[in-house]
Amino acid sequence: MGKKIIITAELEELSWAELSEEDQVLLTEAKKISESAYAPYSNFLVGAAALLNSGLVLKSNNQENVSFPVGVCAERSLLGYAGANHAEDPVKKLAIVAKRRGEKVWATVSPCGLCRQTISEVEMRFDQPIILLILKPNGNVIKVPGIQSLLPFKFEDLNG
Ligand code: THU
């Protein structure tokens with residue numbers, strides 16, 4: 001008989017008013033940068049903002065390509081920049097928002113599989129979980145304590 005393994009994840013849903021000022025600022029920066037996303041093919045404008053341990057806030061958005069798979073998500077574009085330019089400064093929080101071009105309400109978004117694996121790598125690099133803040137269309141925010149909650153049983157050891 002096989003052994004059943006149950007993996008659970010606890011996410012938190014908070015109203016805007018329940019967020020700390022730090023979290024509100026980060027989400028506001030993600031909203032702003034989403035407006036300049038280069039997404040002429042999907043018209044799905046994604047913004048991401050990262051708070052580093054030093055207090056520095058970095059932002060990026062999705063950058064698409066006529067050869068669709070070449071496009072890069074906002075999260076990976078941002079984490080690549082952070083890793084290259086702030087290699088000694090761990091990423092503490094990552095805010096993610098999205099909107100369909102021309103629409104007023106924010107869209108439902110959640111990091112794709114590639115971005116989850118990328119976030120996992122940054123966590124491992126700095127040995128520190130990254131708190132994710134994901135904006136919902138109703139204005140509430142899903143707070144995720146670390147990538148383990150979105151990517152259980154992840155690949156993280158070549159020699160394990
Ligand atoms: N996208 C992101 O940038 N981040 C996400 O979390 C989800 C998807 C982008 C990829 C593509 O440019 C567009 O959104 C539609 O999938």
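Criteria and thresholds
- Residues numbered from 1 in each chain as written.
- Predicted model: local features only at pLDDT ≥ 70, side-chain atom pairs only at ≥ 80, totals over all residues.
- Heavy atoms only, no water.
- Phe/Tyr/Trp six-rings, centres within 6.5 Å; stacked < 30°, edge-to-face > 60°.
- Helix = DSSP H or I, 4+ residues; strand = E, 2+ residues; numbered from the N terminus.
- Buried < 20%, exposed > 50% of the residue type's maximum accessible area, 1.4 Å probe, protein only.
- Lys NZ or Arg CZ within 6 Å of the ring centre and 35° of its normal.
- Near = heavy atom within 4 Å.
- Polar contact = N/O pair within 3.5 Å; in protein donor to acceptor, adjacent residues only side chain to side chain.
- Areas by Shrake-Rupley, 256 points an atom, 1.4 Å probe, with all protein chains shown as cover.
- Nonpolar A, V, L, I, M, F, W, Y, C, P; charged D, E, K, R; others polar.
- Expected span 1.5 Å × (residues − 1).
- Arc of directions from axis to C-beta.
- Contact = heavy atoms within 4.5 Å.
- Axes fitted to C-alpha atoms, helices over the stretch in contact; angles between N-to-C directions.
- Parallel < 35°, antiparallel > 145°, perpendicular 65-115°, else oblique.
- Left-handed = near helix turned anticlockwise from the far one by under 90°.
- Pairing = 2+ DSSP bridges.

> Which residues make up the packing of aromatic side chains, and what are the values?
Applying the stated rule across the entire model yields 1 aromatic pair. When the ring of Y41 is compared with that of F68, the centres are 5.6 Å apart and the planes differ by 45°; the resulting orientation is tilted. Taken together, the positions of Y41 in the loop between α1 (21–34) and β2 (44–52) and F68 in the loop between β3 (57–61) and α2 (74–85) put the pair 27 residues apart, joining distant regions of the chain. Among the residues examined, Y41 registers a relative accessible area of 37% and is labelled partly exposed. The cationic tip of K31 hangs over the ring face of W16; the distance from NZ or CZ to the ring centre is 4.5 Å.

> Tell me about the site of the ligand, and please be specific about residues and values.
All residues adjacent to the ligand are S42, F44, V46, N62, E64, C73, A74, E75, V109, S110 and P111. Within the side chain of N62, one N or O atom sits 3.0 Å away from an oxygen atom of the ligand. At a separation of 2.8 Å, an oxygen atom of the ligand approaches a polar backbone atom of A74. About the coverage of the ligand: the protein hides 76% of its 370 Å² of free accessible area. Along the lines of polarity and charge, the residues of the shell around the ligand split into 6 nonpolar, 3 polar and 2 charged.

> Just give me the short version of α1, but keep the residues and values in it.
In an α-helix, one turn spans 3.6 residues; hence positions three or four apart end up facing the same way. Counted at 1.5 Å a residue, the expected span for α1 with its 14 residues is 20 Å, and the 20 Å between its end C-alpha atoms agrees. Within α1, burial applies to D23, L26, L27, E29, A30, I33 and S34. Buried residues of α1, seen end-on, are gathered within an arc of 155° and therefore sit on one face of the element. Tucked into the core, α1 has its buried residues touching β2, β3, β4 (91–100), β5 (131–135) and β6 (141–144).

> Any chance you could break down the packing of α2 against helix α3 (residues 113–126) for me, citing the residues and the numbers?
Packed helices, taken two at a time, are described by their axes: the angle between them and the distance between them. It is at 9 Å that the axes of α2 and α3 come closest, and there the two elements cross at 25°. Relative to α3, the element α2 is oriented roughly parallel. Crossing of α2 against α3: the hand is left-handed. Mapping the contact onto sequence places E75, R76, L79 and G83 in α2 and L114, C115, T118, I119, V122 and R125 in α3.

> Let's hear about the sheet that holds β4: which residues, and what values?
Whether parallel or antiparallel, the strands of a sheet pair through hydrogen bonds between backbone atoms. Taken in spatial order, the 6 strands line up as β1-β6-β5-β4-β2-β3 in an open sheet, and their pairing is mixed. The sheet is open, and its two edges are formed by β1 (12–14) and β3, each paired on a single side. On average, adjacent strands in this sheet sit at an angle of 20° to one another, irrespective of strand direction. Sheet topology note: the β1/β6 ladder contains 3 bridges and is antiparallel. Note that in β6 the partner of E13 across the bridge is I142. Packing of α1 onto the sheet brings it into contact with β2, β3, β4, β5 and β6, and relative to β2 it is tilted by some 140°.

> How would you sum up the environment of R101? Please name residues and give values.
Along the chain, R101 turns up in the loop between β4 and α3. Accessibility expressed as a relative area gives 44% for R101, which makes it partly exposed. Expressed as a C-alpha distance, the spacing of R101 and N43, which sit 58 residues apart in the sequence, is 5.3 Å. In this structure R101 touches A39, P40, N43 and L45, once residues within four positions along its chain are discounted. Side-chain polar atoms of R101 contact the backbone oxygen of A39, separated by 3.2 Å.

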